[in-house]
Amino acid sequence: MNTQEIIQKTELYILAEFSSEGSGHDWFHINRVRNMALRIGQNEECDLFRIEMAALLHDLDDWKLTDSDSHYPIKAGRWLDKMGVSEEVSSQILRIIEDVSYMGAGTDTPVRSIEASVVQDADRLDAIGALGIARTFAYGGHKNRLIYDPSIPPVMHNDFQSYKASTAPTINHFYEKLLLLKDRMNTQTARIIAQERHQFMQDYLTRFFEEWEATK
Ligand code: NI
């Protein structure tokens, strides 16, 4: 199989796996991350096949969706095997996927390749801005969380377990993750896009609290 065929087959596989995903990690999220990763990748010295494959497979083994503590992307690995991708390329793609996860405000998530920087940026960009707001509330609803409760302040999680265990209202997630992301972009292209999306979220939150207090 050539790389184009592998990408097409992978797309169909992911489309089928994520067709009825209601938590905001649906096929369209994955497709946006793929498109954004390719856009950012144009401006970097990097391998676009590895980027596109990692973007397509990045949520297949997501701990948020599978309740697993392991960060090793088992299903993605099996799929790459099945596609006949070489051991070397496959392990590079799997390493990109491992690097993409966000583990809480105080947990450092270093990237080990330029390809991982690009895919991580693309995934993080989809968590902010207008789409980020939509996905955050979709995820909160999926987890039965309150939209907001003024008596529960945001917490900066210093370790992955406490971040994962959090049951706080959805608005807190903006302060625990989303508003921190613009300063955590790896590439210049993503930093510029993040700036605008960040501003949009801040305007949204200002308005949210004004309406909450019935002043607007
Ligand atoms: Ni994702």
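Described below are features of the structure shown in this document. (Residues numbered from 1 in each chain as written. Predicted model: local features only at pLDDT ≥ 70, side-chain atom pairs only at ≥ 80, totals over all residues. Heavy atoms only, no water.)

Moving on, we get to the overall build of the protein. What the protein contains, in helices and strands, is 11 helices and zero strands. Listing every helix and strand of the protein by position from the N terminus yields α-α-α-α-α-α-α-α-α-α-α. Each of the 216 residues in the protein was classed as buried or not, and the buried ones make up 49%. Counted over contacts in the protein with a minimum sequence separation of 6, partners at least 24 positions apart contribute 66%. Within the structure as shown, the protein displays about 10800 Å² of accessible surface, and the carbon and sulfur contribution to it stands at 50%. (Helix = DSSP H or I, 4+ residues; strand = E, 2+ residues; numbered from the N terminus. Buried < 20%, exposed > 50% of the residue type's maximum accessible area, 1.4 Å probe, protein only. Contact = heavy atoms within 4.5 Å. Areas by Shrake-Rupley, 256 points an atom, 1.4 Å probe, with all protein chains shown as cover.)

Scanning the entire structure with this criterion turns up nine aromatic pairs. Both rings, one in Phe 137 and one in Phe 174, keep their centres 6.0 Å apart while their planes meet at 50°; by these two values the pair is tilted. Residue Phe 137 is located in helix α8 (residues 129–142), and its partner Phe 174 is located in helix α10 (residues 170–176); the two are separated by 37 residues in the primary sequence. For Phe 174, a relative accessible area of 0% puts it in the buried group. Taken together, Phe 137, Tyr 148, Phe 174, Tyr 204, Phe 208, Phe 209 and Trp 212 form an aromatic cluster joined through their ring pairs. (Phe/Tyr/Trp six-rings, centres within 6.5 Å; stacked < 30°, edge-to-face > 60°.)

The next point concerns unusual backbone geometry. Most peptide bonds take the trans form, and the phi angle of most residues other than glycine is negative. Despite not being glycine, Asn 144 has its phi angle at roughly 60°, a positive value. Turning to its location among the elements, Asn 144 is positioned in the loop between α8 and α9 (160–165). The phi dihedral of Ala 214 is positive, around 60°, even though this residue is not glycine. Along the polypeptide, Ala 214 turns up in the segment after α11 (188–212). You can call Ala 214 exposed: its relative accessible area is 64%.

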